[in-house]
Amino acid sequence: MIGLKRGLVKGARISALGVHVPERVLTNDDIAQFLDTSDEWITTRTGIRERRIARVDEAASDLAVAAAERCLAASDIEACDLDLVIVTTISPDHLMPATASIVADRLGARRAGAFDVQAGCTGFVYGLAIATAFVAASIYEHVLVLGAEVLSKMVDWEDRGTCVLFGDGAGAVLVQPTDNGSIFSFDLGNDGSGAQYLSVPAGGSRLPATYATVRDHDHAMHMVGSEVFKFATRTVTESCEKVLDDAGLTVEDVDLFVPHQANIRIIESAARRLGFTDGQVFSNLDRYGNTSCASIPLCLHEASENGRLKKGDMLLMAGFGAGLTWGSCLTKWEL
Ligand code: ACO
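Given the structure is predicted, the values throughout are model-derived calculations rather than measurements. Every residue gets a number counted from 1 within its own chain, in the order that chain's sequence is written. The model is predicted, so local features are restricted to residues of pLDDT at least 70 and side-chain atom pairs to those at 80 or more, both for listing and for counting; the totals for chains, interfaces and linings are taken over all residues. Side-chain descriptors were evaluated using all non-hydrogen atoms of the structure, hydrogens and water having been removed beforehand.

### A closer look at the overall build of the protein
Alright, step 1. In DSSP terms, a helix is any run of H or I states spanning at least four residues, a strand is any run of E spanning at least two, and both are numbered starting from the N terminus. Secondary structure summary: the protein contains eleven helices and 14 strands in total.
Alright, step 2. The globule rule used here is 2.2 Å times the number of residues to the 0.38 power, and the radius of gyration it is set against is calculated over C-alpha atoms. Taken over the C-alpha trace, the protein has a radius of gyration of 19 Å; the compact-globule value for 335 residues is 20 Å, and the two agree within 12%.
Alright, step 3. Judged by the C-alpha coordinates and their principal axes, the protein covers about 55 × 45 × 35 Å.
Alright, step 4. Relative accessibility decides the category of a residue: with a 1.4 Å probe and only protein chains considered, values under 20% of the type maximum give buried, values over 50% give exposed, and everything between is partly exposed. Relative to its 335 residues, the protein shows a buried fraction of 57%.
Alright, step 5. Accessible area for the protein stands at about 14,000 Å²; split by element, carbon and sulfur atoms hold 50% of it. Computed with the Shrake-Rupley method and a 1.4 Å probe, the accessible areas treat only the protein chains shown as cover for residues.

As structure tokens, then:
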């Protein structure tokens, strides 16, 4: 059964994982050197202590290729076997062509289709749902899903309300068929009436680039943080309840909850409303900030490396972001 909006999908699994983050670390104290802010404010309001920042010559595809190569090295296939490459991002290399086209070419995925998914920070969950549907429907066997972001180039470094929140990074997962009935339960949602709360106003067909749009920093991310905060805590809770319900499970059945890493207060509030204990919730926000579409795969990698996520564990992932969009996915971890 394949539920496009919401429901259970059988027959697909995450079979490999790879991540990459830039070397440069930017701490809160570093930011306080050039902006009216402090480590104390950022840490207490967000939980973020530092983030990774890409080099001047690095774009989303560069981080994506590095993550994809690690993912493929951990898999049983080569790039030329890939059927589909999906890049989820809000900081693509260009408006056109898709970053996925560049990534697939650099990987040598010659027979793969390639496209980007833009669903704000929920992109990774949307991409995973698309990959799962293709694999479960037996249309494709090897689908690579990437979350890749260079948000340091999308924020206004004079706007202390946004620039302190974001960081750069990439993660890749391979989705392949499985015979042993692995279950994905998805819930995808959208409320476009909140589009204005999180946007890059200029550079598209609504407000093409002009001298004035550049002068006014309208090519950078604009955010009404308090509205996003309220929306996030509500939708993450409701969406997670839906996927658990669809699978006939409860929070007690979940071994690890990996929410999108935007703000520790959002994570704690959603976890509390859902009834999770601290031991069930994973966060690495303190070291990476909000890496948008890369945040969930970065967590999965770290949790798997340090033993918090083990083969056979029941994993719940939840994203939210620009759109406003949200999405959840429940799956058995099989790595
Ligand atoms: N340093 C110091 N002071 C600051 C900073 C800063 N970096 N940023 C804002 N302030 C000030 C404000 O100017 C304000 O001052 P004032 O009272 O004198 O006007 C005060 O701090 C409080 O500002 P608020 O915006 O009310 O602070 P809040 O507690 O709401 O925290 C935050 C702001 C962290 C942005 C919070 O609203 C939040 O995390 N929202 C969710 C954002 C989010 O999740 N975005 C990502 C979504 S995913 C995607 O698709 C990209």
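### A word on unusual backbone geometry
Alright, step 1. Cis geometry is adopted by the peptide bond preceding Pro-97, which originates at Met-96 and carries an omega value of 5 degrees.
Alright, step 2. Along the chain, Pro-97 falls in the loop between β5 (84–88) and α4 (99–107).
Alright, step 3. In this structure, Leu-324 follows Gly-323 across a cis peptide bond, with omega equal to 0 degrees.
Alright, step 4. The backbone phi angle of His-217 is positive, close to 60 degrees, even though this residue is not glycine.
Alright, step 5. Within the element layout of this structure, His-217 appears in the loop between α7 (211–215) and β11 (222–223).
Alright, step 6. A relative accessible area of 27% places His-217 in the partly exposed class.

### Some remarks on the site of the ligand
Alright, step 1. The environment of the ligand is formed by 26 residues, the closest being Thr-37, Arg-45, Cys-121, Asn-263 and Ala-322.
Alright, step 2. For the ligand, a nitrogen atom lies 3.0 Å from a polar atom in the backbone of Gly-225.
Alright, step 3. A distance of 2.7 Å is found between an oxygen atom of the ligand and a side-chain nitrogen or oxygen belonging to Asn-263.
Alright, step 4. Across the complex, the protein chains shield 72% of the 1,000 Å² of accessible surface that the ligand would expose by itself.
Alright, step 5. Elements with a minimum of two residues in the shell around the ligand: α2 (39–46), α6 (160–163), α8 (225–247), α9 (264–274) and β13 (314–321).
Alright, step 6. Tallying contributions element by element places α8 first for the shell around the ligand, with four residues. Proximity criterion: a residue is near a molecule or strand once any of its heavy atoms comes within 4 Å of it. We define a polar contact as two N or O atoms separated by no more than 3.5 Å, with the added condition that, inside protein, one atom must be a possible hydrogen donor and the other a possible acceptor, whereas residues neighbouring each other in sequence contribute only through side-chain atom pairs.

### Notes on the confidence of the model for the protein
Alright, step 1. Within a predicted model, pLDDT stands for the predictor's per-residue confidence, ranging from 0 to 100. When pLDDT is averaged along the protein, the result is 95; 97% of the residues meet or exceed 70.
Alright, step 2. Mean pLDDT across the elements of the protein bottoms out in strand β1 (residues 6–10) (70) and peaks in β5 (99).

### As for the nonpolar core
Alright, step 1. Residues belong to one nonpolar core when they are buried, are Ala, Val, Leu, Ile, Met, Phe, Trp, Tyr or Cys, and are joined through side-chain atoms within 4.5 Å. Counting 44 residues, the largest nonpolar core has Phe-257, Phe-276, Leu-316 and Phe-320 as the members making the most contacts within it.
Alright, step 2. Secondary-structure elements contributing two or more residues to this core are α8, α9, β13 and β14 (325–332).
Alright, step 3. Considering each element in turn, this core owes the most residues, seven residues, to α8.
Alright, step 4. By definition, residues are in contact when any of their heavy atoms lie within 4.5 Å. Excluding residues within four positions of it along the chain, Leu-316 makes contact with Cys-240, Val-243, Leu-244, Val-254, Leu-256, Phe-257, Val-258, Phe-276, Cys-329 and Leu-330.
Alright, step 5. Listed in part, the 34 residues of the second largest apolar core include Leu-84, Ala-129, Val-143 and Val-258.

### So, the sheet that holds strand β6 (residues 113–117)
Alright, step 1. On the basis of which strands lie adjacent, the open sheet formed by five strands has the order β2-β8-β7-β5-β6 and mixed pairing. Looking at the sheet topology across the chains shown, the edges are occupied by β2 (12–20) and β6. Averaged over all adjacent pairs, the angle separating strand axes in this sheet is 20 degrees, with direction ignored.
Alright, step 2. Bridge count for β5 against strand β7 (residues 143–150) is five bridges, and the pairing is parallel. Bridge pairing links Leu-84 to Val-143 in β7.
Alright, step 3. Its contacts with the sheet put helix α3 (residues 60–73) on β2, β7 and β8 (168–177), and the angle it makes with β2 is roughly 125 degrees. At least two DSSP bridges between two strands are needed for those strands to be called paired. Structural elements are reduced to axes, namely lines fitted to C-alpha atoms, with helices fitted over the stretch in contact, and the angle between N-to-C directions of any two is expressed from 0 to 180 degrees.

### Re helix α11 (residues 295–305)
Alright, step 1. When you tally the buried positions in α11, you get eight out of eleven residues, the bulk of the element.
Alright, step 2. Restricting attention to buried positions, one finds in α11 the residues Ser-295, Ile-296, Pro-297, Leu-298, Cys-299, Leu-300, Glu-302 and Ala-303.
Alright, step 3. Buried residues in α11 make contact with β2, α5 (123–136), β8, β12 (256–259), α10 (285–288) and β13.
Alright, step 4. Following α11 by one or two positions, Gly-307 adopts a phi angle in the positive range, close to 85 degrees.

### Looking at the environment of Thr-291
Alright, step 1. Relative to the helices and strands, Thr-291 resides in the loop between α10 and α11.
Alright, step 2. Classification of Thr-291 as buried rests on a relative accessible area of 1%.
Alright, step 3. Residues Thr-291 and Leu-151, spaced 140 residues apart in sequence, show a C-alpha to C-alpha distance of 7.2 Å.
Alright, step 4. When near neighbours in sequence (up to four residues on either side) are disregarded, Thr-291 contacts Glu-149, Leu-151, Gly-167, Asp-168, Gly-169, Gln-261 and Leu-298.

### Re the packing of α8 against α9
Alright, step 1. The geometry of α8 relative to α9 is characterised by a closest axis approach of 9 Å and an angle of 35 degrees between their N-to-C directions. Once α8 is placed against α9, the crossing between them reads as right-handed. Contact residues: α8 offers Phe-229, Ala-232, Thr-233, Arg-234, Val-236, Thr-237, Cys-240 and Glu-241, while α9 offers Arg-265, Ile-266, Ser-269, Ala-270, Arg-273 and Leu-274.
Alright, step 2. Considering only residue class, the contact of α8 with α9 consists of seven nonpolar, three polar and four charged. Left-handed is the label given to a crossing in which the near helix is rotated counterclockwise from the far helix by less than a right angle, and right-handed is the label when the rotation is clockwise. Throughout, the ten residues Ala, Val, Leu, Ile, Met, Phe, Trp, Tyr, Cys and Pro are labelled nonpolar, Asp, Glu, Lys and Arg are labelled charged, and all others, Gly among them, are labelled polar.

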